[in-house]
Amino acid sequence: ACTDPPGKAGLTALMADLLDEGAAGRNALQLSEAWQALGADFSITTTTDAIIFDLDALADKVTDSLALFADVALRPDLSSVEFQRRKDQRIATALTAEADPASTRSVALRRVVFGQGYGALPADGLRSTLKGLEVKDVVDQYRAAVVPQGVTAPKPVITTRRGATREETILPRG
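Residues numbered from 1 in each chain as written. Predicted model: local features only at pLDDT ≥ 70, side-chain atom pairs only at ≥ 80, totals over all residues. Heavy atoms only, no water.

Caption draft 1: Just the pattern of salt bridges, in detail. Tallying each qualifying case throughout the model produces eleven salt bridges. Note that Arg86 and Glu21 form a salt bridge whose closest N and O atoms lie 2.6 Å from each other. Separated by 65 residues along the polypeptide, Arg86 in helix 4 (residues 80-98) and Glu21 in the loop between helix 1 (11-19) and strand 1 (22-23) bring together distant segments of the chain. Neither residue differs from the other here; Arg86 and Glu21 are each classed as buried. A cluster of three or more residues bridged by salt bridges with shared partners is formed by Asp17, Glu21, Glu82, Arg85, Arg86, Arg90 and Asp124. (Salt bridge = Lys/Arg side-chain N within 4 Å of Asp/Glu carboxyl O. Helix = DSSP H or I, 4+ residues; strand = E, 2+ residues; numbered from the N terminus. Buried < 20%, exposed > 50% of the residue type's maximum accessible area, 1.4 Å probe, protein only.)

Structure below.
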């Protein structure tokens, strides 16, 4: 991601992985059960340019769904145990990608086109960049990229669908 510090490609993706692995005193299983009880789907995705928080919630459960969303986004545990497990998974995925000709071609093409600059490395990182990451890096990245004082986007974008009226839609203020 463009917010990854030099030599730490994949940090934002790893940080995003950890957000829903525990938050506000709930572990990953408890969070999953809470989402299911609300009938909501929640996911976090990273790209070169963005961290995307996606929430699909039932209209009559939107308040409770947004409260759980806030717990995950604003009060993640970022535990060292989950960090190591998710880091190991990311490294295994990167190792698999190294054996895939299409993935290695994509990494090589990015380096040719972008050099050492923006977009040069995949948002998911490389085995070599992921290995050196520490839980402190994730905490620092969370503070820089997610907590309100670190948000770099002009305004959050909230969209609705499936027949929500304007009165039922929560829109950014300002």
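Caption draft 2: The side chain of Gln141, seen in detail. Looking at the element boundaries, Gln141 is found in helix 7 (residues 135-145). A residue is classified by how much of its surface remains accessible, and Gln141, at 4% relative accessible area, is buried. One polar contact links Gln141 to Thr3, side chain to side chain, over a distance of 3.0 Å. Aside from chain neighbours lying at most four places away, what touches Gln141 is Thr3, Asp4, Pro5, Leu11, Thr12, Met15 and Val146. (Polar contact = N/O pair within 3.5 Å; in protein donor to acceptor, adjacent residues only side chain to side chain. Contact = heavy atoms within 4.5 Å.)

Caption draft 3: Molecular detail of the nonpolar core. In this structure, Leu19, Val72, Val138 and Tyr142 are the most contacted members of the largest nonpolar core, which totals 27 residues. Elements that contribute at least two residues to this core include exactly helix 1, helix 2 (28-38), strand 3 (41-46), helix 3 (62-74), helix 4 and helix 7. The contacts of Leu19, once residues within four sequence positions are left out, are Ile44, Phe53, Val72, Pro76, Leu78 and Tyr142. (Core = buried A, V, L, I, M, F, W, Y, C linked by side-chain atoms within 4.5 Å.)

Caption draft 4: Molecular detail of a nonpolar patch on the surface. Taken together, the side chains of Leu109, Val112, Val113 and Phe114 make up a nonpolar region of the molecular surface, amounting to roughly 410 Å² of accessible area. Topologically, Val112 is positioned in helix 5 (residues 101-114). (Patch = residues over 30% accessible without salt bridge, like charges linked within 9 Å, V, L, I, M, F, W, Y side chains within 5 Å. Areas by Shrake-Rupley, 256 points an atom, 1.4 Å probe, with all protein chains shown as cover.)

Caption draft 5: Spatial organisation of the environment of Val147. Mapped onto the elements, Val147 comes out in the segment after helix 7. Exposure remark for Val147: the relative accessible area of 12% places this residue in the buried category. Considered as a pair, Val147 and Leu74 are 73 residues apart in the sequence and their alpha carbons are 6.6 Å apart.

Caption draft 6: Structural context of the environment of Ile91. Structurally, Ile91 is set in helix 4. Exposure remark for Ile91: the relative accessible area of 16% places this residue in the buried category. It is 9.7 Å that separates the C-alpha atoms of Ile91 and Asp124, two residues lying 33 residues apart in sequence. If we skip the residues at most four places from it in the chain, Ile91 touches Arg127, Leu130 and Lys131.

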